[in-house]
Amino acid sequence: MARAGLTTDRVVGAAADLADSIGFDKVTISALARGFGVKDASLYSHVRNLHDLRTRVALLAAGEFIDRIGAAVAGRAGKDALVAFADAYRAFALERPGRYEATQMRVAPEIVARSSAYHRTIETTGAMLRAYGLAEPDLTDAVRLLRSTFHGYCALEASGGFGAPRDVQASWERSVEALHFLLERWPSAQGEASGTTADRAPTPGRSPSSAPVPGPER
């Protein structure tokens, strides 16, 4: 490719594609420059260094990730929203492995604060969980459970870690159904004290803006 055609967006997009091919941790300035047919120095007009490049890829991936999830959950609520959210999460993780790995990168708080992608992730996650009526600290605990389940399942599936004859898709569907069952019956603080659980009713009007995200905690 001609050097004159390079832009920051093209460089970052190519880095994201390269990450999907070889792994996010293997993306380097040199590897990217080779793909463009230019010297390493040509890329430093567009990114400051490798960390800057990877941060930009993480932001790009975060936007694409939440775009897919947001489109999937639009117009849905309760279990339907949870299933759509989970399926979109898994599809992105398996189809875009390098980009997904980039979303797990810890990004500086000041960059996160300026990122529309992370704000949309918070809003979308909060809206998806609103039907379950969870208040803090239960909301954060629930998001951590969802993140751990989704991320762990996708990581094991991608690495071929499921060797039993049971169909992987069937297990995924049952796992998401079990998460819905648990979220509807989340133990309250009062239930913990008495050794019982209490079903939670949805909290009308709860703002999703305080909800954490199903990726690295920001």
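Our subject is the structure that appears above.
A. Summary view of the nonpolar core. In terms of nonpolar packing, the biggest core is built from 30 residues, with Ile69, Leu82, Tyr89, Leu129, Leu146, Phe150 and Leu183 touching the most fellow members. Among the elements of the structure, helix H4 (50-73), helix H5 (78-95), helix H8 (116-129), helix H9 (138-158) and helix H10 (168-184) are those that each provide at least two residues to this core. Broken down by element, the residue count for this core peaks at 9 residues, all from H5. Counting 26 residues, the second largest nonpolar core, distinct from the first, contains Ala33, Leu53, Ala62 and Val107.

B. Summary view of the packing of H9 against H10. As a packed pair, H9 and H10 sit with axes 12 Å apart at the nearest point and diverge in direction by 175°. On the basis of the axis angle, H9 is roughly antiparallel to H10. Taken together, the residues of H10 that come into contact with H9 (itself represented by Ala142, Leu145, Leu146, Thr149, Phe150, Tyr153 and Glu157) are Val168, Ser171, Trp172, Ser175, Leu179, Leu182 and Leu183. Of the residues contributing to the contact of H9 with H10, the split by class is 10 nonpolar, 3 polar and 1 charged.

Definitions and limits used
- Residues numbered from 1 in each chain as written.
- Predicted model: local features only at pLDDT ≥ 70, side-chain atom pairs only at ≥ 80, totals over all residues.
- Heavy atoms only, no water.
- Core = buried A, V, L, I, M, F, W, Y, C linked by side-chain atoms within 4.5 Å.
- Buried < 20%, exposed > 50% of the residue type's maximum accessible area, 1.4 Å probe, protein only.
- Helix = DSSP H or I, 4+ residues; strand = E, 2+ residues; numbered from the N terminus.
- Axes fitted to C-alpha atoms, helices over the stretch in contact; angles between N-to-C directions.
- Parallel < 35°, antiparallel > 145°, perpendicular 65-115°, else oblique.
- Contact = heavy atoms within 4.5 Å.
- Nonpolar A, V, L, I, M, F, W, Y, C, P; charged D, E, K, R; others polar.

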